[in-house]
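Notes for the structure review
Below are the chains, spelled out letter by letter.
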Amino acid sequence: MKLVPGRGDAGLERVPVERVDGDGHLAVRRRALRLGVLVVFAVSGACGVCALMYGVLAVKLMIVDMPANECGGSQCPRGMTSVFLLAFAFGFLSVWVARLGGKTPGTVSARTLAAVLVFGVLAGVWPAWLGYAWLRGPHMDVAWEVGRDRPSSVGVLGHWASDPSTAIRVRTDGLYAYDTAGGDVRWSAAARSGTSVCAVSRSTPAGVGIVGFQGGEGSCGASVGAVDLDSGRWLWRKAVPLGEEGGGSAVMTAAGSVAVVQGNGALVGLGLRDGSQLWSAKVSPSCRVQELDAAGDRVLVVEACTDESGTGVTMRLSAVDASSGERAWQSVLATGGGMRSVDVLSADPIVVHVAEGDQREAGGVVLFDDAGRRKATIPVSGPDGDLAVTSWPEAPGSMPAFQVVVSGGLFISVVNESTQDSPREVSAYSLTDGRRVWHTAFEDGIDRLAPGSDGQINVVTSSPWWHHLWRVDARSGQRRGESVVLRDAPLSYEFDVRPRPEGGYVFVNLQSDSDQPALFAAE
């Protein structure tokens, strides 16, 4: 009521008064109710778009990403079950929340509700996608690839990593260097007409690689050449007279500023950049050089020596000074009549694999100090499983395909603890006493073990449908996060992998007669 002066009671004028209840002003309650309805419909829209996205993505996982429309265990697309369940859960929640908001008719106009629903849909798209990405885990797609080897008759002998941004493939028709950033060819160095590359050195000191050539029906290594890995320019080419011990295969390495090759019953030291002969060291007539490897200024020489009867074979390892050709020490690896093969797994520190030909002896991995003294022997076959030192048979003259990493005082190898065809375990052994330091197992077979970055090793596994890249701490064996799914990775049976400076990884296919690209990057 409002009093009008001079009119007494008749001056009382009625005016509208807003009622007040016990909880506060009605206007405040209406505003709160209106706000609640808006929030409810926004949440309903967000849940609805989540349900729609997850429903579509679940169908995509089932039809597109799941080969043969069936799977089980680790072979199923990662996160598929969770995406299915969340699609139903968000759909139910969206309907329930919308019905809850619909019980307050007239509170908000239909136009406002439509706008709020649209806002909720737009606001829910990005969180829904982040949730899907988290459920799916890390994936990598092919960033670029280089076409398959042409002509198809060429063979692949190995590859060099002259620097982190360059990958060099050695083929029988020459050498090809690629930029890891985009796969562009940096340079190529073709073999001379009428010749082919037949052997390749494992070490590339001072940015120089050594290869052996074969001409016509001649022996591999009848000539040797050096190539500058920065420019692809041939530095020199020199004939190497092979004696009876040549056996049709070339043995060569590079150490410091010297290239070391075997030829005509001797080890010959050549200037790395000019090919001039620096020294020559005779090899015993009863011995045959089987392998050369080097690190720093030390060359490791593996020899097979026969006794006077011609039936007994002694395998021995020697260290030769690359600057002078003088032998610093010599150690007997194995004796007896069985056929053996010896591989230098690491030249620094010195780790040698001796494979026994006698089935009663499975061989072992022998650890040496710098003076040639044995520190320990890790049995190839023991209570902890069988060491799978090599990943695939190596062609004559090609780089060996070792499934080992020597890092941080540890010898790390693929191990097969069961009778399965594909090994699924990795173990690390101390380089001091040979004891096992750590062990880790994977669900799928291991295709490749390779050095990584930042104290890691890379393990590539494969199921019938997927390839996975695992990053493992080299010191502890702990896996660093989930595996990376390599989507549609065109890997051949033989390949190598290494990180690239731009992020991601470069994969180098090494299998001859393969329909897969020569190399590709995944990121």
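Residues numbered from 1 in each chain as written. Predicted model: local features only at pLDDT ≥ 70, side-chain atom pairs only at ≥ 80, totals over all residues. Heavy atoms only, no water.

Some words on the state of the cysteines
For the record, the criterion: Note that a disulfide, as used here, is simply two cysteine sulfur atoms within 2.5 Å. In this text, helices come from DSSP runs of H or I with a minimum length of four residues, and strands from runs of E with a minimum of two, each type numbered from the N-terminal end. The buried label applies to any residue whose accessible area, calculated with a 1.4 Å probe on protein chains only, is under 20% of its type's maximum; exposed applies above 50%, and partly exposed to all values in between.
This structure, assessed with the given rule, holds one disulfide. Covalent S-S linkage joins Cys 287 and Cys 305, the inter-sulfur distance amounting to 1.9 Å. Disulfide Cys 287 to Cys 305: torsion about the S-S bond roughly 110 degrees, handedness right-handed. Here Cys 305 lies in strand 20 (residues 298–306) and Cys 287 lies in strand 19 (residues 287–295), a separation of 18 residues in the sequence. Judged by its relative accessible area of 7%, Cys 305 falls in the buried class.

Topic: the pairing of strand 34 (residues 456–462)
As a reminder, the rule being used: Two strands pair if DSSP finds at least two bridges between them.
Taken across its seven residues, strand 34 has six buried, putting it largely inside the fold. In the sheet, strand 33 (residues 445–451) pairs with strand 34 via six bridges, with the strands oriented antiparallel. Counted as the bridge partner of Pro 451 is Ile 457 from strand 34. Here strand 33 folds back onto strand 34, and the loop between the two strands holds four residues, one of which, Asp 454, carries a positive phi near 55 degrees. Relative to strand 35 (residues 467–473), strand 34 runs antiparallel, the two being bridged by seven bridges. The partner of Val 460 across the bridge, within strand 35, is Leu 469.

Here's the deal with the sheet that holds strand 6 (residues 142–146)
Keep this limit in mind: For helices, the axis comes from a line fit to the C-alpha atoms of the stretch in contact; other axes are also lines fit to C-alpha atoms, and the angle between any two N-to-C directions lies between 0 and 180 degrees.
Strand order in this open sheet of four strands is 6-39-38-37, and the pairing throughout is antiparallel. Looking at strand neighbours, the two that pair on one side only are strand 6 and strand 37 (495–499), the edges of this open sheet. Neighbouring strand axes in the sheet, compared pairwise and without regard to direction, differ in orientation by 15 degrees on average. Two strands pair when backbone bridges link them, and strand 38 (residues 505–509) and strand 39 (residues 519–522) are joined in this way by four bridges, in the antiparallel orientation. Looking across to strand 39, one finds that Val 508 is bridged to Leu 519.

What about the nonpolar core?
The following threshold applies: The set of buried Ala, Val, Leu, Ile, Met, Phe, Trp, Tyr and Cys residues whose side-chain atoms join them within 4.5 Å is what this entry labels a nonpolar core.
By size, the foremost hydrophobic cluster in this structure holds 18 residues, and its most contacted members are Leu 300, Leu 317, Leu 333 and Val 352. Counting only elements with at least two residues in this core, the list comes to strand 20, strand 21 (313–321), strand 22 (327–336), strand 23 (341–347), strand 24 (350–355) and strand 25 (364–368). With four residues, strand 21 is the largest single contributor of residues to this core.

As for the environment of Gly 131
Mapped onto the secondary structure, Gly 131 falls in helix 3 (residues 110–136). For Gly 131, a relative accessible area of 22% puts it in the partly exposed group. Linking Gly 131 and Tyr 54, residues 77 residues apart in sequence, is a C-alpha distance of 9.7 Å.

Quick notes on a nonpolar patch on the surface
For clarity, the threshold we go by: Each patch is assembled from residues with relative accessible area greater than 30% and no salt bridge, linking like charges that lie within 9 Å and nonpolar side chains (Val, Leu, Ile, Met, Phe, Trp, Tyr) that lie within 5 Å. Method for areas: the Shrake-Rupley scheme with a 1.4 Å probe, in which residue coverage is limited to the protein chains shown. When a carboxyl oxygen of Asp or Glu lies within 4 Å of a side-chain nitrogen of Lys or Arg, that pair is called a salt bridge.
Side chains of Val 59, Met 62, Ile 63 and Val 64 sit close together on the surface and give an oily, nonpolar patch of about 350 Å² of accessible area. Along the chain, Val 64 turns up in the loop between helix 1 (26–63) and helix 2 (80–101).

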